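For reference, the chains in residue letters:
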Amino acid sequence: MRESAVLPDQRREAILETLARDGRVVATQLAAALGVSDDTVRRDLDELAASGRVRRVRGGALPSEADTPSRMVDRQERHTPEKERVAARTAELLAGETVIGLAGGSTCLAIARRLATDGVARQVLTTAPDIALALADAPGEVLLAGGRLEPDSRTTVGTEAIDAVRRFRPSVAVLGVCSLHPAIGLTTYCAGEAEVLREQARCAGRLLVATESAKLGSTAAHVVAPADGVAQLVTDDGAPDEELRALRALGVEVVVA
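Residues numbered from 1 in each chain as written. Predicted model: local features only at pLDDT ≥ 70, side-chain atom pairs only at ≥ 80, totals over all residues. Heavy atoms only, no water.

1. Some points on the overall build of the protein
Basically, it comes down to this: Secondary structure follows DSSP: runs of H or I at least 4 residues long count as helices, runs of E at least 2 residues long count as strands, and numbering of each begins at the N terminus. This radius of gyration counts C-alpha atoms alone. The globule rule is 2.2 Å times how many residues there are, raised to the power 0.38. Throughout this description, buried means an accessible area under 20% of the type-specific maximum (1.4 Å probe, protein chains only), exposed means over 50%, and partly exposed covers the range between. In this analysis, two residues are considered to be in contact whenever any of their non-hydrogen atoms come within 4.5 Å of each other. Method for areas: the Shrake-Rupley scheme with a 1.4 Å probe, in which residue coverage is limited to the protein chains shown. Charged residues are defined here as Lys and Arg on the positive side and Asp and Glu on the negative side; His and the ends of the chain fall outside this count. All charge positions are set by atom: Lys at NZ, Arg at CZ, Asp at CG, Glu at CD.
Along the backbone of the protein there are 10 helices and 15 strands. Its C-alpha atoms give the protein a radius of gyration of 19 Å, within 12% of the compact-globule value 18 Å for 257 residues. Each of the three principal axes of the protein carries a C-alpha extent, and together these read 65 × 30 × 30 Å. Across the 257 residues in the protein, those meeting the buried criterion constitute 52%. The contacts of the protein with a sequence gap of at least 6 include a subset with a gap of at least 24, amounting to 63%. Working note: accessible area of the protein is about 11300 Å², and carbon and sulfur atoms make up 49% of it. Both charge centroids of the protein, one from 31 positive and one from 37 negative side chains, sit 2 Å from each other.

Given below as structure tokens:
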């Protein structure tokens with residue numbers, strides 16, 4: 001193909017602008033938009049990754065870890081339309097569930113707000129005070145795990161939180177983790193939060209992960225569970241087909257919102 005005359009630096013700035021807007025870039029889509037070959041885009045992404053400006057994942061790139069919001073209050077502002085679609089579809093899937101474990105995070109908070117108004121009486125255990133408050137006026141019972149409050153995730157962590165999770169046996173645990181990779185599994189940035197999330201996943205009848213497509217194919221520092229331990233994944237329609245195929249091959253039921 002005849003490539004665009006756009007200079008490499010201009011291409012890379014355009015890639016960074018797209019990444020800042022969408023939270024993820026896909027190499028094949030960038031190639032079409034920029035009028036260059038897939039190989040050219042891959043070289044651009046490799047250069048940006050080498051300089052620490054992006055984080056390379058299979059098929060594209062994500063923001064560098066330094067640019068990825070770690071505070072829950074900041075994450076609430078990202079990918080809002082996708083997050084709301086994922087939350088709405090997840091709430092539909094939970095309509096018949098009456099005993100739920102609900103992790104922290106902005107996606108789970110959006111789910112909790114929908115569950116609070118569907119009229120179903122439930123027992124819900126959460127480690128997130130924000131989520132407990134969102135469910136405070138809903139029918140049923142809200143259990144808030146105690147422990148030390150981790151300020152970035154706004155969830156309780158430590159021995160007390162882990163003990164509370166171990167004593168609760170929900171039919172489903174709903175997690176909205178930082179990253180999901182077919183080979184690495186569910187991962188998150190906070191070591192203390194990861195310890196609690198592992199117990200939430202282990203003690204539930206099944207594990208449901210609700211996350212935006214931008215988090216698929218990426219990894220964070222601390223592993224929570226293997227990808228084949230996920231019973232259901234709810235994500236938005238921006239998810240790359242190759243990521244979904246890899247997860248389905250592991251036995252994950254993928255639900256696209």
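2. Topic: helix α8 (residues 159-166)
To be explicit about the condition: To obtain the arc, one takes the directions from the helix axis to the C-beta atoms.
Listed in full, the buried residues belonging to α8 are A161, I162, A164 and V165. Viewed end-on, α8 has its buried residues packed into an arc of 160°, placing them on one side of the element. Of the exposed residues in α8, those oriented more than 90 degrees away from the buried face are T159 and E160. Turning to α8, the residues buried within the fold contact β5 (122-126), β8 (155-157) and α9 (191-203).

3. Regarding the environment of G60
As for its placement among the helices and strands, G60 is situated in strand β3 (residues 60-63). Relative accessible area serves as the criterion here: at 0%, G60 is assigned to the buried category. C-alpha separation for the pair G60 and R42, spaced 18 residues apart in sequence, amounts to 7.7 Å. What G60 contacts, discounting residues up to four positions off in sequence, is V25, V26, A27 and L45.

4. Thoughts on the nonpolar core
Basically, it comes down to this: Only buried residues count toward a nonpolar core. Its members are Ala, Val, Leu, Ile, Met, Phe, Trp, Tyr and Cys residues joined through side-chain atoms within 4.5 Å.
If you look at the biggest cluster of nonpolar residues, it comprises 47 residues, and the most contacted ones within it are V174, L175, L186, L207 and L233. Here this core takes 6 residues from helix α6 (residues 106-115), the largest share from any one element. When neighbours within four sequence positions are excluded, L186 is seen to be in contact with L175, V177, S179, L180, L207, V209, H222, V223, V224, A225 and V230. L16, L30, V36 and A61 belong to the second-largest nonpolar core, a separate cluster that totals 14 residues.

5. Some thoughts on the sheet that holds strand β13 (residues 222-225)
Let me state the cut-off plainly: Paired strands are those between which DSSP finds at least two bridges. Between N-to-C directions, angles span 0 to 180 degrees; the directions come from axes that are lines fitted to C-alpha atoms, helices contributing only their stretch in contact.
Here we have 3 strands laid out as an open sheet, ordered β10-β11-β13, and antiparallel in their pairing. Bordering the open sheet on either side are β10 (179-181) and β13, each of which pairs with just one other strand. When the angles between neighbouring strand axes are averaged without regard to direction, this sheet yields 35°. Helix-sheet contacts for α9 involve β11 (185-188) and β13, and the interaxial angle to β13 is about 10°.

6. Examining the pattern of salt bridges
This is how the line gets drawn: Any Lys or Arg side-chain nitrogen found within 4 Å of a carboxyl oxygen on Asp or Glu counts as a salt bridge.
In this structure the tally under the stated criterion is 15 salt bridges. D44 is paired through a salt bridge with R12; the nearest N and O atoms lie 3.0 Å apart. With a gap of 32 residues between them, D44 in helix α3 (residues 38-50) and R12 in helix α1 (residues 8-22) connect regions that are remote in the sequence. Assessed through its relative accessible area of 1%, D44 is described here as buried. In this structure, the salt-bridge partner of E13 is R53, at a minimum N-O distance of 3.3 Å. On the criterion of sequence distance, the pair formed by E13 in helix α1 and R53 in the loop between α3 and β2 (54-57) is long-range, its members being 40 residues apart.

7. Here we look at the sheet that holds β2
In space, the 3 strands of this open sheet follow the order β1-β3-β2, with antiparallel pairing throughout. Whereas interior strands pair on both sides, the edge strands pair on one side only; in this sheet they are β1 (25-26) and β2.

8. Looking at the pairing of β2
The side chains of a regular strand alternate, first on one face of the sheet and then on the other. Pairing analysis gives 4 bridges linking β2 to β3, with the strands arranged antiparallel. Counterpart to R55 in the pairing with β3 is L62. Hairpin connection between β2 and β3: a loop of 2 residues separates the two successive antiparallel strands, and G59 in this loop has a positive phi of roughly 90°.

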